[in-house]
Amino acid sequence: MQYDVIIIGAGSMGMAAGYYLSKSGKKTLLLDSFNSPHNKGSHHGETRIIRYAYGEGEEYVPFVLRAQELWNELERDTGKRLFVQTGVLNVGNQASNFMQNIISSAEKYSLPLDIMDSVEVHNRWSGITLPNDFIGCFEPTSGVLKCEESIKAFQELAELHGATILTNSRVREISIHGEKVSVKTEDQAFHSDALVISAGAWSGNLLSMLDLDIPLTPVRKTFAWFDTDEENYNQDCFPAFAFETQQGLYYGFPSIDGVGLKVGRHDGGIQTNPDEIMKGFGDIAEDEGDLVQFLDQFIPATGELKYGKTCMYTLTPDEKFVIDLHPKYPNVAIAAGFSGHGFKFSSAVGQALSNLIISGSNDIDISQFSITRFNNLKNI
Ligand SMILES: Cc1cc2nc3c(=O)[nH]c(=O)nc-3n(C[C@H](O)[C@H](O)[C@H](O)COP(=O)(O)OP(=O)(O)OC[C@H]3O[C@@H](n4cnc5c(N)ncnc54)[C@H](O)[C@@H]3O)c2cc1C
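Residue numbers run consecutively from 1 along every chain, following the written order of its sequence. With pLDDT at 70 or above as the cut-off, local features in this predicted model cover only qualifying residues; side-chain atom pairs require 80 or more to be listed or tallied, and sums for whole chains, interfaces and linings still use all residues. Side-chain numbers come from the whole structure's heavy atoms, not from hydrogens or water.

Colleague: Give a detailed account of the sheet that holds strand 4 (residues 83-84), specifying residues and quantitative values.
Modeller: At least two bridges found by DSSP between two strands is the condition for calling them paired. Secondary structure is summarised from DSSP: a helix means a run of H or I of at least four residues, a strand means a run of E of at least two, and numbering begins at the N terminus for each. Sheet architecture is open: 3 strands sit in the order 3-8-4, paired in antiparallel fashion. Of all the strands in the sheet, the pair left with one neighbour each is strand 3 (47-50) and strand 4. Sheet topology places strand 4 next to strand 8 (residues 143-146); 2 bridges connect them, and they run antiparallel. Among the inter-strand pairings, Phe-83 is bridged to a residue of strand 8, identified as Leu-145. Note on contacts: a residue pair is in contact if any heavy atoms of the two residues lie within 4.5 Å. Fitting a line to C-alpha atoms yields each axis, with helices limited to the stretch in contact; the angle taken between N-to-C directions then spans 0 to 180 degrees. Strands strand 3, strand 4 and strand 8 of the sheet are contacted by helix 2 (residues 61-78), whose axis makes an angle of about 130° with strand 3. Where helix 5 (residues 147-160) meets the sheet, it contacts strand 3 and strand 8, and its direction lies at approximately 55° from that of strand 8.

Take a look at the structure:
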């Protein structure tokens, strides 16, 4: 079968790209090893934080503001509620880069941000206790995205615009001859003029078929839900949060629709092979204890563990994304290495991938995500 564009990986980034490409009139095929949304990659667990004043650097802000505009459009076009405006509370030592980046992002882009000392944070959310040298930066306009629901929304619109989505179709081979792309699954071959690779934790293997050896490291991550007093920790009165502590960077969510307080740890994790069965939550002794020690210190009134899950990050050395055209094949766009903070951007990444395929460039500057920043690329 001949298509304009084939997308390998219909997850967070690929499904969004499928929508924007099919909406632009491209005959688009999406292939996925599973049936997205699913619980085998990086996009499950109900919720993802979206924040605009960005601790990782103010250079992300224009891209995340575009992403929020597109999330709003997606809600309007599907009639689904995908964004919950809980606000996000960032906490840490005032002098840290993370907190300073948040403050400078807000100043530069005129984002609303309430900067509070530790006592003011406790007075506002009595469930939170901070050391004296910590501050809180509360961003009231940001919040939480429903991740699986968002992927389903992009899927619905992509199909409406004529995209074909094939599930349980793992791509085994890719070949490129000039402007022609061929892709093979176990039992079928497909052809197109252009290709998008957005295969999450599996991207390294596929990119090596196209002579690209990008440093991408899949890592096992854990997160869990805890019982809470619903009156004080529900989505209407408690924010989503990111705490940079001496032990590590922890994040979490209020109890949304009564599911309990969800907590995870952003840094750390064990390198994993996405094709091997990963140890489940609790199979490693520290899984629960690490989250409990964080809660005991900072959000002490939370109750017992309800249940936990595991998921994968795909890390790059600088934890910046890869969103670029292949250096040798201008008809191949790549989105990989989202390093545990990519979901909030996925609407804007999908649009950028579509723009790269159609015109070779994006209207918002994405040069910080270029492939050529890695110096160990071979054969290019
Ligand atoms: C626990 C956890 C918490 C997170 N919290 C946040 C957060 O609060 N905010 C935030 O912004 N981000 C967060 N993230 C990060 C975010 O979820 C990821 O960056 C994002 O989901 C990555 O999207 P992706 O499209 O690269 O991968 P995925 O969504 O996993 O999609 C990749 C797809 O490619 C398919 N695939 C792979 N190989 C092949 C092949 N050979 N053939 C066909 N299909 C293939 C897979 O089946 C999969 O569906 C979190 C991630 C985790 C794990």
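Colleague: Hey, could you go over the site of the ligand for me, with residue numbers and the actual values?
Modeller: For the ligand, the set of nearby residues contains 35 residues, the closest of which are Ser-12, Asp-32, His-38, His-43 and Cys-311. Here a polar contact means two N or O atoms within 3.5 Å. Within protein one must be a hydrogen donor candidate and the other an acceptor candidate, and residues neighboring in sequence count only if both atoms are side-chain atoms. With respect to the ligand, the backbone of Ser-42 contributes an N or O atom lying 2.9 Å from an oxygen atom. Here a nitrogen atom of the ligand and a backbone polar atom of Val-171 are 2.9 Å apart. When isolated, the ligand has an accessible area of 1000 Å², and the protein chains bury 97% of it. For the shell around the ligand, the secondary-structure elements that each account for two or more residues are helix 1 (12-23), strand 3 and strand 18 (305-315). With 3 residues, the single largest contributor to the shell around the ligand is strand 18. Nearness of a residue to a molecule or strand requires only that one of the residue's heavy atoms be within 4 Å of it. Accessible surface area values rest on a Shrake-Rupley calculation with a 1.4 Å probe, where residue burial reflects the displayed protein chains alone.

Colleague: A description of the UniProt feature "domain: FAD dependent oxidoreductase" (unreviewed entry) in the protein should follow, citing residues and the corresponding values.
Modeller: The feature "domain: FAD dependent oxidoreductase" (unreviewed entry), as given by UniProt, occupies residues 4-355 in the numbering adopted here. Between the first and last C-alpha atoms of residues 4-355 the distance is 14 Å; the span itself is 28% helix and 30% strand. UniProt positions are given in the numbering used here, feature names are shortened, and annotations may be inferred rather than shown by experiment.

Colleague: Describe the pattern of salt bridges, with residues and values.
Modeller: Between Lys or Arg on one side and Asp or Glu on the other, a salt bridge is scored when a side-chain nitrogen of the former is within 4 Å of a carboxyl oxygen of the latter. All told, the structure shown has 17 salt bridges when counted by the stated rule. For the salt bridge of Lys-180 with Asp-193, the shortest nitrogen-to-oxygen distance reads 2.8 Å. Taken together, the residues span a long stretch of sequence, with Lys-180 in strand 11 (residues 180-184) and Asp-193 in strand 12 (residues 189-197) at a distance of 13 residues. The class for Lys-180 is partly exposed, based on a relative accessible area of 46%. Three labels apply to residues, based on accessible area from a 1.4 Å probe with only protein chains included: buried if under 20% of the type maximum, exposed if over 50%, partly exposed otherwise in between. Under the relative-accessibility criterion, Asp-193 is labelled partly exposed at 29%. Taking the shortest distance from any N to any O, the salt bridge between Arg-373 and Asp-318 comes out at 2.7 Å.

Colleague: Summarise the side chain of Ser-347; cite the residues concerned and give the values.
Modeller: Tracing the sequence through the fold places Ser-347 in helix 9 (residues 346-359). According to the relative accessible area criterion, Ser-347 is buried, its value standing at 0%. If sequence neighbours within four positions are ignored, Ser-347 has contacts with Ala-16, Tyr-20, Ala-67, Leu-70, Trp-71 and Phe-154.

Colleague: Got a sec to walk through helix 3 (residues 97-109)? Specific residues and values, please.
Modeller: The end-to-end C-alpha distance of helix 3, which contains 13 residues, comes to 18 Å, matching closely the 18 Å that a straight helix rising 1.5 Å per residue would cover. Among the residues of helix 3, those classed as buried are Phe-98, Met-99, Ile-102, Ile-103, Ser-105 and Ala-106. One face of helix 3 carries all of its buried residues, which in axial projection span an arc of 160°. Exposed residues on helix 3 whose side chains face more than 90 degrees from its buried face are Asn-97, Glu-107 and Lys-108. The inward-facing, buried residues of helix 3 abut helix 2, strand 5 (88-93), strand 6 (114-117), strand 7 (134-139), strand 14 (240-244) and strand 15 (249-253). Each residue after the first adds 1.5 Å to the expected span of a helix. Directions from the helix axis toward the C-beta atoms define the arc.

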